[in-house]
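Examination of the molecular architecture
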Amino acid sequence: MVLNYIWVAFFVIAFVIALFRLVFMGDMEVFPAMMNSTFETSKTAFEISLGLTGVLSLWLGIMRIGEKGGVINMLSRLLGPVFVKLFPDIPKGHPVTGSIFMNLSANMLGLDNAATPLGLKAMEQLQQLNGKKDTATNPMIMFLVLNTSGLTLIPVSIMVYRAQLGAAQPTDVFVPLLLATFFSTLAGIVVTSLYQRINLINRTMMLTLGTLCFAVSGIIWGFGKLDKDTMNVVSTSVANILLMCIIVGFILAGVRKKVNVYDAFVEGAKDGFSTAVRIIPYLVAILVAIGVFRASGAMDMLIDGVRRGVESCGGNADFVGALPTALMKPLSGSGARGMMVDAMTAYGADSFVGRLSCIFQGSTDTTFYILAVYFGSVGIRNTRHAVACGLMADLAGVIAAVLIAYMFFGT
């Protein structure tokens, strides 16, 4: 429903501003420009969607091999001791624990199609433990905040869009994106734990979070010693090596489990075409609305206003062009995806704004959408502190994304 209002607002605001420019400024080009943008952006959306087919088929096939090879189950076992501490209200040995592990593991691997059904199943099981059926419980909120913080190990879709839009190295945002999503997830865990009075000062959590923080600090320190060009080369090389290791690792995991990896790959790859076709109407809808909004001059007015405000405070305003993606992400995944594509199209896939918009897209998830779907599936009306915790995790991800983008790609 929120996206419906935003979509209508794009057209109405664009029309009002264009009418103002025509009547009071004598701009006879604005309405032809808006109509031309509808044809151009709808064509662009279709071409992008079809261009995604091959790469989506590749990665969905690889993910299916990993899924059948037990990679998700392995991650579940590794995360087990940590999640026992984060969900103290869940009885030990309850089957919901497995569903939560599977959902979060699937999200980390970018298996969206598998993650959502597993998440809905976990919510149904959590609702069975709920004494007040219309009120969110602490485990429900922690579970959803971990979802909305967007922790992803393999940002496949973002790299696919970068490749489709002509990025020289589509994987160059891999390391920055991992760092940003780490801070988003860490903030979500800490804030939710404070609300729920969960004690994070224990051996398991301190060892886990401490190790991760140490590793992230080491990465930031190490890259901070490099100049921008070397940093970009090293980051891209590390990303490509890691992704190749993941592909080989998934295949070997399938072989170890005696999975017919070729058939598993083909089975997963078949979803690539259907996925690409399925997103065409969504991408057309949002890109046409954004194109009209931009052609009317409304987008430039908005960005220029924010830029002047930042510059008047003495700040560097290079990041402002990517802000629409960050602002849209909590509301709609497809809307944010459209903003990301628009930013890369307008500024260039390898521009600072284009790269930052990709980091924004991957550092958090669609908070309001996830809360609406997951809570709505079990009839929760009183969401308590879920929205506040989710948005604070989003804010941490946005701030981290900006700082990390300046570190890796700033001039």
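Scope of this entry: the structure provided in the associated data block. (Residues numbered from 1 in each chain as written. Predicted model: local features only at pLDDT ≥ 70, side-chain atom pairs only at ≥ 80, totals over all residues. Heavy atoms only, no water.)

Where helix 6 (residues 138–148) contacts helix 17 (residues 367–377), the two axes come as close as 10 Å, and the packing angle between them is 140°. Compared by their axis directions, helix 6 and helix 17 come out oblique. The handedness of the crossing between helix 6 and helix 17 is right-handed. Where helix 6 approaches helix 17, its residues Met 140, Phe 143, Leu 144, Asn 147 and Thr 148 are matched on the opposing element by Thr 367, Ile 370, Leu 371, Tyr 374 and Phe 375. Per-class residue counts for the contact of helix 6 with helix 17 are seven nonpolar, three polar and no charged. (Axes fitted to C-alpha atoms, helices over the stretch in contact; angles between N-to-C directions. Helix = DSSP H or I, 4+ residues; strand = E, 2+ residues; numbered from the N terminus. Parallel < 35°, antiparallel > 145°, perpendicular 65-115°, else oblique. Left-handed = near helix turned anticlockwise from the far one by under 90°. Contact = heavy atoms within 4.5 Å. Nonpolar A, V, L, I, M, F, W, Y, C, P; charged D, E, K, R; others polar.)

Moving on: the state of the cysteines. In this structure the tally under the stated criterion is zero disulfides. Between Cys 389, a free cysteine, and Cys 213, which holds the nearest cysteine sulfur, the sulfur-to-sulfur gap is 18 Å. Relative accessible area serves as the criterion here: at 0%, Cys 389 is assigned to the buried category. (Disulfide = S-S within 2.5 Å. Buried < 20%, exposed > 50% of the residue type's maximum accessible area, 1.4 Å probe, protein only.)

The next subject is the side chain of Ser 149. Inspection of the secondary structure assignment puts Ser 149 in the loop between helix 6 and helix 7 (156–164). The buried category is assigned to Ser 149, whose relative accessible area is 0%.

On to the packing of aromatic side chains. Applying the stated criterion across every chain yields a total of eight aromatic pairs. Centroid distance Phe 15 to Phe 31: 5.9 Å. Interplanar angle 70°. Geometry classified as edge-to-face. Of the two residues, Phe 15 is situated in helix 1 (residues 2–25) and Phe 31 in helix 2 (residues 30–68); the sequence distance between them amounts to 16 residues. Looking at Phe 31, the relative accessible area reads 25%, which means it is partly exposed. Ring geometry for Phe 143 and Tyr 374: centres 6.1 Å apart, planes at 55°, overall tilted. Of this pair, Phe 143 sits in helix 6 while Tyr 374 sits in helix 17; the two residues are 231 residues apart in sequence, bridging distant segments of the chain. Each member of the pair, Phe 143 together with Tyr 374, is buried. (Phe/Tyr/Trp six-rings, centres within 6.5 Å; stacked < 30°, edge-to-face > 60°.)

It is worth spelling out a nonpolar patch on the surface at this point. A contiguous nonpolar patch, built from Trp 7, Val 8, Val 12, Phe 15, Val 16, Leu 19, Phe 20, Val 23, Phe 24 and Met 25 and spanning about 1000 Å² of accessible area, is present on the exposed surface. If you trace the backbone, Met 25 turns up in helix 1. Given a relative accessible area of 56%, Met 25 falls into the exposed group. (Patch = residues over 30% accessible without salt bridge, like charges linked within 9 Å, V, L, I, M, F, W, Y side chains within 5 Å. Areas by Shrake-Rupley, 256 points an atom, 1.4 Å probe, with all protein chains shown as cover. Salt bridge = Lys/Arg side-chain N within 4 Å of Asp/Glu carboxyl O.)

Moving on, we get to the packing of helix 6 against helix 8 (residues 174–196). With their axes 9 Å apart at the nearest point, helix 6 and helix 8 run at an angle of 165° to one another. With respect to helix 8, the axis of helix 6 lies roughly antiparallel. Taken as a pair, helix 6 and helix 8 cross one another with a handedness that is right-handed. Mapping the contact onto sequence places Asn 138, Ile 141, Met 142, Val 145 and Leu 146 in helix 6 and Thr 185, Gly 188, Ile 189, Thr 192, Ser 193 and Gln 196 in helix 8. Here the residues of the contact of helix 6 with helix 8 are counted per class, giving five nonpolar, six polar and no charged.

Looking at the secondary structure, you find Met 108 in helix 4 (residues 96–108). Sequence separation between Met 108 and Thr 152 is 44 residues, and the spatial gap between their C-alpha atoms is 4.0 Å. If we skip the residues at most four places from it in the chain, Met 108 touches Leu 79, Leu 151, Thr 152, Leu 153 and Ile 154.

Once that is clear, we can look at the side chain of Asn 202. Inspection of the secondary structure assignment puts Asn 202 in the loop between helix 8 and helix 9 (203–224). One polar contact links the side chain of Asn 202 to the main-chain carbonyl oxygen of Asn 199, over a distance of 2.9 Å. (Polar contact = N/O pair within 3.5 Å; in protein donor to acceptor, adjacent residues only side chain to side chain.)

Grouped together as the largest cluster of nonpolar side chains are 108 residues, with contacts concentrated most on Leu 86 and Phe 143. Here the element with the most residues in this core is helix 18 (residues 386–409); it accounts for 10 residues. For Phe 143, the contacting residues outside a window of four places in its chain are Phe 87, Ile 100, Asn 103, Leu 104, Gly 119, Ala 122, Met 123, Leu 126 and Tyr 374. Counting residues in hydrophobic clusters, the runner-up holds six residues, among them Ala 18, Val 30, Val 288 and Val 292. (Core = buried A, V, L, I, M, F, W, Y, C linked by side-chain atoms within 4.5 Å.)

With respect to the element layout, Arg 381 can be found in the loop between helix 17 and helix 18. Look at Arg 381 and you get exposed, because its relative accessible area is 75%. Separated by 129 residues in the primary sequence, Arg 381 and Leu 252 place their C-alpha atoms 45 Å from one another.

Among the residues making up helix 7, those that are buried are Val 156, Ile 158, Met 159, Val 160, Tyr 161 and Arg 162. At the C-terminal side of helix 7, Gly 166 shows a positive phi close to 90°.

Once that is clear, we can look at the environment of Val 84. Assignment of secondary structure puts Val 84 in helix 3 (residues 71–86). Residue Val 84 is classed as exposed on the basis of its relative accessible area of 53%. Between the alpha carbons of Val 84 and Thr 204 there is a distance of 9.7 Å; along the sequence they are 120 residues apart.

Overall, the coordinates contain eight salt bridges when judged by the stated rule. The salt bridge involving Asp 27 is made with Arg 21; its shortest N-O contact spans 2.6 Å. By relative accessible area, Arg 21 is classed as partly exposed at 22%. Measuring nitrogen to oxygen at the nearest pair gives 2.8 Å for the salt bridge that ties Lys 68 to Glu 267. Placement of Lys 68 in helix 2 and of Glu 267 in helix 11 (residues 261–278) is noted, with a sequence separation of 199 residues between them.

Read these as layout, nothing more, since geometry by itself doesn't imply function.
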